[in-house]
Amino acid sequence: MLCAIYRSPRRADTYLYMPHPADFTKIPEPLQQSFGQPIHVMTVALKPERKFARLSMEELTKHLNESGFYLQMPPKEPNLLDAHKKQQQESAS
């Protein structure tokens, strides 16, 4: 299977993985609106030895087969203020 990867022009580090050729009718309208006009990054062959940074080949294949796409969002940033407050509370105890 070939997988086309698109990046969002509106959201940093947000990517859409779709079977190639891409069928954008499978993307829900609210997602299309927030994602913006997809910008093609690359097309890759999905092989067992291929590695992705944030998900396994099995997870990606499952998403592509079930919903027709996979949306990769940036990882959540830790809230440094909350962590600092928690650390201060613990040291005060």
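Residue positions are counted from 1 within each chain, in the order its sequence is given. For a predicted model such as this one, the threshold for reporting local features is a pLDDT of at least 70, and the threshold for listing and counting side-chain atom pairs is 80 or more; totals across whole chains, interfaces and linings nevertheless cover every residue. Note: side-chain values were computed over all heavy atoms of the structure, leaving out hydrogens and water.

## A closer look at the sheet that holds strand β2 (residues 15-19)
The strand order β3-β1-β2-β4 describes an open sheet built from 4 strands, whose pairing is antiparallel. Of all strands in the sheet, those with a lone pairing partner are β3 (39-45) and β4 (70-72), marking the two edges. This sheet shows a mean twist of 25° between the axes of neighbouring strands, independent of strand direction. When DSSP finds at least two bridges between two strands, those strands are taken to pair. Runs of H or I in DSSP of at least four residues are treated as helices and runs of E of at least two as strands, each being numbered from the N terminus. With 6 bridges connecting them, strand β1 (residues 2-7) and β3 associate as antiparallel partners. Each bridged residue has a counterpart across the sheet, and for R7 the counterpart in β3 is I39. Where helix α2 (residues 57-66) meets the sheet, its contacts fall on β1, β2 and β4, and the angle it forms with β2 comes to roughly 70°. Fitted lines through C-alpha atoms give the axes, limited to the stretch in contact for helices. The angle between two N-to-C directions lies from 0 to 180 degrees. Note on contacts: a residue pair is in contact if any heavy atoms of the two residues lie within 4.5 Å.

## Some words on the confidence of the model for the chain
Values of pLDDT, which run from 0 to 100, indicate the predictor's confidence residue by residue. Confidence along the chain averages 90 in pLDDT terms, with 100% of residues attaining 70 or more. Averaged pLDDT values over the elements of the chain bottom out at 83 in helix α3 (residues 80-92) and peak at 96 in β1.

## A look at the pairing of β2
Pairing of β1 with β2, which is carried by 5 bridges, proceeds in the antiparallel orientation. When the bridges of β2 are listed, Y6 appears paired with L16. In terms of strand pairing, β2 meets β4 through 3 bridges, oriented antiparallel. Counterpart to Y15 in the pairing with β4 is Q72.

## Some remarks on unusual backbone geometry
Following H20, the chain continues into P21 via a peptide bond in cis, with omega recorded as 0°. Within the secondary structure, P21 is located in the loop between β2 and α1 (29-35). Within the chain, D13 stands out as a residue other than glycine whose phi angle is a positive 55°. Mapped onto the fold, D13 is located in the loop between β1 and β2.

## What about α2?
Think of it in three bands: residues with accessible area under 20% of the maximum for their type are buried, residues over 50% are exposed, and the middle band is partly exposed, with areas taken using a 1.4 Å probe on protein chains only. Within the span of α2, buried status applies to M57, L60 and L64. In a view along the axis of α2, the buried residues occupy a sector of 65°, so they form one face of it. In α2, the exposed residues that point more than 90 degrees away from the buried face are E58, K62, N65 and E66. Check the buried side of α2 and you find it contacts β1, β2 and β4. In this description, one arc is meant: the one made by directions from the helix axis to the C-beta atoms.

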